[in-house]
Amino acid sequence: AYRKGGYHAVRIGDQFSGGRYIAQRKLGWGQFSTVWLAYDTRTSNYVALKIQKSSLQFAQAALHEIELLQAAADGDPENTKCVVRLIDDFKHAGPNGQHLCMVLEFLGDSLLRLIKYNRYKGMELSKVREICKYILTGLDYLHRELGMIHSDLKPENILLCSTIDPAKDPIRSGLTPILEKPEGNQNGTSTMNLIEKKLKRRAKKAAAKISGRRVSIVGLSEAPTKTKRNLDGIDMRCKVVDFGNGCWADKKFAEEIQTRQYRAPEVILQSGYSYSVDMWSFACTAFELATGDMLFAPKEGNGYGEDEDHLALMMELLGKMPRKIAIGGARSKDYFDRHGDLKRIRRLKYWPLERLLIDKYKLPEAEAREFADFLCPIMDFAPEKRPTAQQCLQHPWLNLSTQNNEDQIEGKMSNMQIKG
Ligand code: ADP
Ligand code: MG
């Protein structure tokens, strides 16, 4: 896809924005972009440089993303609201066309990587709780203060804040900035290749140190293990990223939003959506962090499609969808009959969330009940009944440590005994 209208090929040492930023190594990529670790020579900081594909369609999407990120930055001068910070943006001319570039604060690994790191076994609920607070802080800010819907919340789009600043702590991070660039050399190709090779070797070494066994940005190492990892001492601070699909609540432009597994039922049924679609994705994400499994992984089957399987999975977990909601969407007739029963999947195997957490994931009963009490209301089939991010932040599950929860439950019981 490195062709006209496509990705911009970047080499280590390449300069951007009149020499201000120097590419260090690739951090990741998405459908529309590649993301690079770059060194900001003006501030002596590392930044993430997101370089959009060049065709008009991608450029427009990037302009939209920049508008949303800029609004988020303007409303949060202290940078405390758990949304990735836009530092700068500019155009870069390359052989494949003009690329819009975003300069973002440099963050660490994604929650997806954290889930993989834990070998898909899930992490302690105390850690899940911590992460949930940060995500909800970000969502509350986007929804209530900015009027913005993220529309693509999922573990991949939530990044941990890096605990090491490579610029301030080059020894621990093992990274010294690469400042030379092969293009600057005038001595012919053979020397250029040599320099390029040398730079590549250096970058490889640095990358190995920064993300490898010894030290990584958030302290995660790749070494395989048979047991669940201990995340003690790892700060779970994180931020919401990737506003490529975001929109203003009063200016939506897409009917089909969200990544499949995190998609809300009203999006499948096309009955209109708002902020609460992000809350649905949030609940799916919280479950995945705790268990290591996706909450809903729909598959096309014999005689039915992915959408219908998805709706069936939702009902098996959360109970039957109220008829009015089931038949109320523009697409309802594709999946439901007039009684509100699925057309092709006739027998559902109900397995409520609390039982699932106990039976399949072996959570202690009290913990399973509390976690399910937190998650189930967020997955109400009626979008307007779902609690807002602000209301979720008030939920006792988030605000009490496990010990306190037990105390509270004991307290309730003794109160009941006194009353009784
Ligand atoms: P896309 O819209 O193409 O999906 P994203 O914004 O999700 O692009 O970025 C793609 C990947 O790049 C992310 O999943 C992550 O691995 C990496 N990335 C993005 N932003 C940052 C950042 N600020 N710091 C570090 N890595 C980042
Ligand atoms: Mg993404």
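The name that an unreviewed UniProt entry assigns to the chain is non-specific serine/threonine protein kinase, with the source organism given as Camelina sativa. The annotation that UniProt attaches to the chain under Sequence similarities (unreviewed entry) is "Belongs to the protein kinase superfamily."

K.L.:
Could you clarify how one ought to interpret the overall build of the chain in this entry?
P.N.:
What the chain contains, in helices and strands, is 15 helices and 10 strands. A burial count over the chain gives 39% of its 420 residues as buried. Residue pairs at least 24 apart in sequence account for 65% of intrachain contacts in the chain once pairs closer than 6 positions are excluded.

K.L.:
Any chance you could explain the UniProt feature "binding site: ATP" (unreviewed entry) in the chain here in plain terms?
P.N.:
Sites flagged by UniProt as "binding site: ATP" (unreviewed entry) map to Lys-50. Summarising the element assignment, Lys-50 is placed in strand S4 (residues 45-52). The class of Lys-50 is buried, set by 30 C-beta atoms lying within 10 Å.

K.L.:
Even after reading the chapter, I still don't get helix H7 (residues 276-291), so can you show me in this structure?
P.N.:
Three- or four-residue spacings in an α-helix give side chains the same orientation, since the helix completes a turn every 3.6 residues. In this model, H7 (16 residues) spans 23 Å end to end at C-alpha, consistent with the 22 Å of a helix rising 1.5 Å per residue. Phi turns positive one or two residues past the end of H7, at Gly-292, with a value near 85°.

K.L.:
Is there a simple way to explain the pairing of strand S2 (residues 21-29) in this structure?
P.N.:
Successive side chains on a regular strand alternate, one facing one side of the sheet and the next facing the other. Bridge count between strand S1 (residues 15-16) and S2: two bridges; the pairing is antiparallel. Bridging across to S2, Phe-16 finds its partner in Tyr-21. Count of turn residues in the S1/S2 antiparallel hairpin: four residues, of which Ser-17 carries a positive phi of about 50°. Summarising the sheet, S2 and strand S3 (residues 33-40) pair through seven bridges and their orientation is antiparallel. Paired with Ile-22 across the two strands is Tyr-39, which belongs to S3. Linking S2 to S3, which pair antiparallel, is a turn of three residues.

K.L.:
What is the right way to read the site of ligand 1 from this model?
P.N.:
The immediate surroundings of ligand 1 are formed by 22 residues, with Gly-28, Gly-30, Val-35, Ala-48 and Asp-242 found nearest. For the shell around ligand 1, the secondary-structure elements that each account for two or more residues are S2, S3, S4 and strand S6 (97-105). No other element matches S2, which puts three residues into the shell around ligand 1. Split by residue class, the shell around ligand 1 holds 11 nonpolar, seven polar and four charged.

K.L.:
Where do I start with helix H1 (residues 56-74) in this structure?
P.N.:
In a regular helix each residue adds 1.5 Å, so 19 residues correspond to 27 Å; H1 covers 27 Å between its end C-alpha atoms and thus fits that length. Within the sequence span of H1, burial applies to Phe-58, Ala-62, Glu-65, Leu-68, Leu-69, Ala-71 and Ala-72.

K.L.:
In this structure, what is going on with the packing of helix H3 (residues 125-146) against H7? I would like to understand it.
P.N.:
Axis angle and axis distance: for two packed helices, these are the angle between their axes and the distance between the axes, and together they describe the pair. Between H3 and H7, the shortest axis-to-axis distance is 10 Å and the interhelical angle comes to 160°. In terms of orientation, H3 and H7 fall into the roughly antiparallel class. Our pair here, H3 against H7, has a crossing hand that is right-handed. The segment H3 lies against H7, with Leu-125, Val-128, Ile-131, Cys-132, Ile-135 and Leu-139 engaging Asp-278, Phe-282, Ala-286, Leu-289 and Ala-290. In the contact of H3 with H7, the residues fall into 10 nonpolar, no polar and one charged.

K.L.:
Sorry if this is basic, but what is going on with the pairing of S3 here?
P.N.:
The buried fraction of S3 amounts to seven of the eight residues, a majority that puts the element mostly inside the structure. Bridge analysis of S3 against S4 gives eight bridges, and the strand direction is antiparallel. For Tyr-39, the partnering residue across the bridge sits in S4 and is Tyr-46.

Rules behind the numbers
- Residues numbered from 1 in each chain as written.
- Chains lettered and ligands numbered in written order.
- Predicted model: local features only at pLDDT ≥ 70, side-chain atom pairs only at ≥ 80, totals over all residues.
- UniProt positions renumbered as here; feature names shortened; annotations may be inferred.
- Helix = DSSP H or I, 4+ residues; strand = E, 2+ residues; numbered from the N terminus.
- Buried ≥ 20, exposed ≤ 12 C-beta atoms within 10 Å, placed from the backbone.
- Contact = placed C-beta atoms within 7 Å.
- Expected span 1.5 Å × (residues − 1).
- Pairing = 2+ DSSP bridges.
- Near = placed C-beta within 6 Å.
- Nonpolar A, V, L, I, M, F, W, Y, C, P; charged D, E, K, R; others polar.
- Axes fitted to C-alpha atoms, helices over the stretch in contact; angles between N-to-C directions.
- Parallel < 35°, antiparallel > 145°, perpendicular 65-115°, else oblique.
- Left-handed = near helix turned anticlockwise from the far one by under 90°.

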